[in-house]
Amino acid sequence: WYQRRVRVIYARGSITIDCHKCLNINHQCSMLLVKNKEFLTESSRTIAPYLFHKDSENDISNRSFQCGRKADGFKLWFCDQVDDLDAQATLIFERNIKFKKIIKEDERFEPVNPDSLTHCCFKIKVT
């Protein structure tokens, strides 16, 4: 099961991981992994006008620590210091596999998006 997912990940140029969802971190935190490091350099040069509002006296985007990925990196590092994220991820993945098996075997439910690593989506069959 995992080997197939890992092959799919390696075939991609990038992958985004929402750590607050898949690692059960209680802070919003995400990471982007890329094969080609030039991609990060080019994409960080993109101007995002929706983040910065020059006409507002309350705009703190240029002075805000949260308006960058340094904050996410720090949150991820800090949570790993407090709790073993590898063990946490393994527990979440194992529970997800177990719950998906229960859903698949119960005729009252229909699995939805069974390829998700961290989420178990299903719907109740109407009889």
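Residues numbered from 1 in each chain as written. Predicted model: local features only at pLDDT ≥ 70, side-chain atom pairs only at ≥ 80, totals over all residues. Heavy atoms only, no water.

### Concerning the overall build of the protein chain
Working step 1: The helix and strand inventory of the protein chain stands at five helices and four strands.
Working step 2: When the helices and strands of the protein chain are read in sequence order from the N terminus, they spell out α-β-α-β-α-α-α-β-β.
Working step 3: Expressed as a percentage of its 127 residues, the buried residues of the protein chain come to 20%.
Working step 4: In the protein chain, of all internal contacts separated by at least 6 residues, the share reaching a separation of at least 24 is 35%. (Helix = DSSP H or I, 4+ residues; strand = E, 2+ residues; numbered from the N terminus. Buried < 20%, exposed > 50% of the residue type's maximum accessible area, 1.4 Å probe, protein only. Contact = heavy atoms within 4.5 Å.)

### Re helix H5 (residues 85-105)
Working step 1: Look at H5: 30 Å from first C-alpha to last across 21 residues, which is about the 30 Å you get at 1.5 Å a residue.
Working step 2: Along H5, the positions that sit buried rather than exposed are Leu85, Gln88, Ala89, Ile92, Phe93, Asn96, Lys100 and Ile103. Down the axis, H5 shows its buried residues gathered within 130° of arc, on one side only. Facing away from the buried side of H5 by over 90 degrees, the exposed positions are Asp86, Arg95, Lys98, Lys101 and Glu105. (Expected span 1.5 Å × (residues − 1). Arc of directions from axis to C-beta.)

### Considering the confidence of the model for the protein chain
Working step 1: Averaged over all residues, the pLDDT of the protein chain equals 76, while 72% of them reach at least 70.
Working step 2: Within the protein chain, helix H1 (residues 2-11) has the poorest average pLDDT of any element, 71, and strand S3 (residues 109-112) the best, 93. (pLDDT = per-residue confidence, 0-100.)

### What to know about a negative patch on the surface
Working step 1: A contiguous patch of negative charge, built from Asp80, Asp83, Asp84 and Asp86, is present on the exposed surface.
Working step 2: Tracing the sequence through the fold places Asp83 in the loop between helix H4 (70-82) and H5. (Patch = residues over 30% accessible without salt bridge, like charges linked within 9 Å, V, L, I, M, F, W, Y side chains within 5 Å. Areas by Shrake-Rupley, 256 points an atom, 1.4 Å probe, with all protein chains shown as cover. Salt bridge = Lys/Arg side-chain N within 4 Å of Asp/Glu carboxyl O. Lys, Arg positive; Asp, Glu negative; His and termini not counted. Charge placed at Lys NZ, Arg CZ, Asp CG, Glu CD.)

### Side note on a nonpolar patch on the surface
Working step 1: Taken together, the side chains of Phe74, Trp77, Phe78 and Val82 present a nonpolar region at the surface, about 460 Å² in accessible area.
Working step 2: Tracing the sequence through the fold places Trp77 in helix H4.
Working step 3: The class of Trp77 is partly exposed, set by a relative accessible area of 49%.

### Describing the packing of aromatic side chains
Working step 1: Using the criterion set out here, one finds two aromatic pairs in the structure.
Working step 2: Between Phe99 and Phe122, the aromatic rings sit 5.9 Å apart at their centres with planes inclined by 75°, giving edge-to-face as the arrangement. Remark: Phe122 occurs in strand S4 (residues 121-124) and Phe99 occurs in helix H5; sequence separation between them is 23 residues.
Working step 3: Using a relative accessible area of 36% as the deciding quantity, one classes Phe99 as partly exposed.
Working step 4: Residue Phe122 is classed as partly exposed on the basis of its relative accessible area, which comes to 35%.
Working step 5: Aromatic pair Phe109 and Phe122: ring centres 5.2 Å apart, planes at 75°, arrangement edge-to-face. (Phe/Tyr/Trp six-rings, centres within 6.5 Å; stacked < 30°, edge-to-face > 60°.)

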